[in-house]
Amino acid sequence: NAGVTQTPKFRVLKTGQSMTLLCAQDMNHEYMYWYRQDPGMGLRLIHYSVGEGTTAKGEVPDGYNVSRLKKQNFLLGLESAAPSQTSVYFCASTVTGRAFGYTFGSGTRLTVV
Amino acid sequence: KQEVTQIPAALSVPEGENLVLNCSFTDSAIYNLQWFRQDPGKGLTSLLLIQSSQREQTSGRLNASLDKSSGRSTLYIAASQPGDSATYLCAVRGRGSQGNLIFGKGTKLSVKP
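### Description of the packing of aromatic side chains
Residues and elements named next belong to chain A. Summed over all chains, the structure comprises 10 aromatic pairs over all chains. Relative to Tyr102, the ring of Tyr33 has its centre 4.5 Å away and its plane inclined at 25 degrees; by these criteria the two rings are stacked. Taken as a pair, Tyr33 in strand E4 (residues 31-38) and Tyr102 in the loop between strand E9 (87-94) and strand E10 (103-104) lie far apart in primary sequence, 69 residues in all. In this pair, the class of Tyr33 matches that of Tyr102, namely buried. Measuring from ring centre to ring centre gives 5.9 Å for Tyr35 and Phe104, while their planes differ by 45 degrees; the resulting arrangement is tilted. With Tyr35 in strand E4 and Phe104 in strand E10, this residue pair connects regions lying 69 residues apart in the sequence.

Here it is, written out as structure tokens:
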């Protein structure tokens, strides 16, 4: 009964380094999302996926790439980290249907120095 | 473009008070609306979900209402407790199965003993 699991939970990167954040869900959800949360800005959508092998851009996609090779996993990549990418990153998933809401992971706190 | 606004940004009340948190959205063509709770440094916990065809949902001391035509939702908390202290986020999902979740910036609630 894990729901949505994000790894790692914390990370410090140097400017220019790369990393991948992993999101895994065990609910067989079709849709998956990556958000970032910044003080005063709220949660903003980075990228999302409506099914295995598909991805799309959200509100703030620049500097990030994503992949959904398996239905249960959604990866968020930072190719060359910048201090502006210091944030808390949340993954979420859901299914089709008005009765269904989003389930969120516990977040990854990323600091770029 | 959908915009979600939450008023007030912060609220402090004495224990035992009933209180109302407000959420407004600019596009009434929504799929559903979800209220979340976020404790400091933690992830998002779903409290209530209201489908676009519904007017309200209740869970324990919480009651959420939806007036789609006026673009408003309220979260009513009865008999508030110090443990209710958290940030409350309202989010609307756009129409269509691929509609994404758009968040307000939240109301930070503090319940004083």
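### Some points on the pattern of salt bridges
Counted under the stated rule, the structure contains four salt bridges over all chains. Of the charged contacts in the structure, one is a salt bridge between Arg36 of chain A and Asp38 of chain A, with a shortest N-O distance of 2.8 Å. The pair Arg36 of chain A / Asp38 of chain A is uniform in exposure class, with both members buried. Its salt-bridge partner being Asp84 of chain B, residue Arg61 of chain B comes within 2.8 Å of it at the nearest N-O pair. Remark: Asp84 of chain B occurs in the loop between strand E8 (72-77) and strand E9 (86-94) and Arg61 of chain B occurs in the loop between strand E6 (56-59) and strand E7 (62-67); sequence separation between them is 23 residues. A relative accessible area of 30% means that Arg61 of chain B is categorised as partly exposed.

### A closer look at the sheet that holds strand E3 (residues 19-25) of chain B
Residues and elements named next belong to chain B. Strand order in the open sheet formed by five strands is E1-E3-E8-E7-E6, and the pairing between neighbours is antiparallel. Each edge of the open sheet is held by one strand with a lone partner, namely strand E1 (4-7) and E6. In this sheet, neighbouring strand axes are inclined to one another by 15 degrees on average, regardless of whether the strands run parallel or antiparallel. In terms of strand pairing, E1 meets E3 through four bridges, oriented antiparallel. Bridge assignment links Val4 to a residue of E3, and that residue is Phe25.

### Section: the state of the cysteines
Tallied over the full model, the rule gives two disulfides over all chains. A disulfide bridge connects Cys23 of chain A with Cys91 of chain A, and the sulfur atoms are separated by 1.9 Å. Between Cys23 of chain A and Cys91 of chain A the disulfide shows an S-S torsion of about -75 degrees. By sign, it is left-handed. Of the two residues, Cys23 of chain A sits in strand E3 (residues 19-25) while Cys91 of chain A sits in strand E9, which places them 68 residues apart along the sequence. Accessibility assignment for this pair places Cys23 of chain A and Cys91 of chain A in one class, buried. Across a sulfur-sulfur distance of 2.0 Å, Cys23 of chain B and Cys90 of chain B are joined as a disulfide pair. Its torsion about the S-S bond being -60 degrees, the disulfide of Cys23 of chain B and Cys90 of chain B is classed as left-handed. Here the residue Cys23 of chain B occupies a position in strand E3, and Cys90 of chain B occupies one in strand E9, the gap between them amounting to 67 residues. Look at Cys23 of chain B and you get buried, because its relative accessible area is 3%. Cys90 of chain B gets classed as buried once you look at its relative accessible area, which sits at 0%.

### Comments concerning the pairing of E4 of chain A
Two faces belong to every sheet, and in a regular strand the side chains alternate between them. All names here are of chain A. Taking burial as the measure, the eight residues of E4 include eight buried ones, the bulk of the element. Of the two faces of E4, the one lined by Tyr31, Tyr33, Tyr35 and Gln37 and the one lined by Met32, Trp34, Arg36 and Asp38 are each fully buried. Sheet topology places E4 next to E9; seven bridges connect them, and they run antiparallel. Following the sheet pairing, Tyr31 is matched in E9 by Thr94. Inspection of the sheet shows E4 paired to strand E5 (residues 42-49) by seven bridges, in the antiparallel sense. Across the sheet, residue Asp38 finds its bridge partner in E5, namely Gly42. Where E4 hands over to E5, the hairpin turn is made up of three residues, of which Gly40 adopts a positive phi near 80 degrees.

Criteria and cut-off values
- Residues numbered from 1 in each chain as written.
- Chains lettered and ligands numbered in written order.
- Predicted model: local features only at pLDDT ≥ 70, side-chain atom pairs only at ≥ 80, totals over all residues.
- Heavy atoms only, no water.
- Phe/Tyr/Trp six-rings, centres within 6.5 Å; stacked < 30°, edge-to-face > 60°.
- Helix = DSSP H or I, 4+ residues; strand = E, 2+ residues; numbered from the N terminus.
- Buried < 20%, exposed > 50% of the residue type's maximum accessible area, 1.4 Å probe, protein only.
- Salt bridge = Lys/Arg side-chain N within 4 Å of Asp/Glu carboxyl O.
- Pairing = 2+ DSSP bridges.
- Axes fitted to C-alpha atoms, helices over the stretch in contact; angles between N-to-C directions.
- Disulfide = S-S within 2.5 Å.

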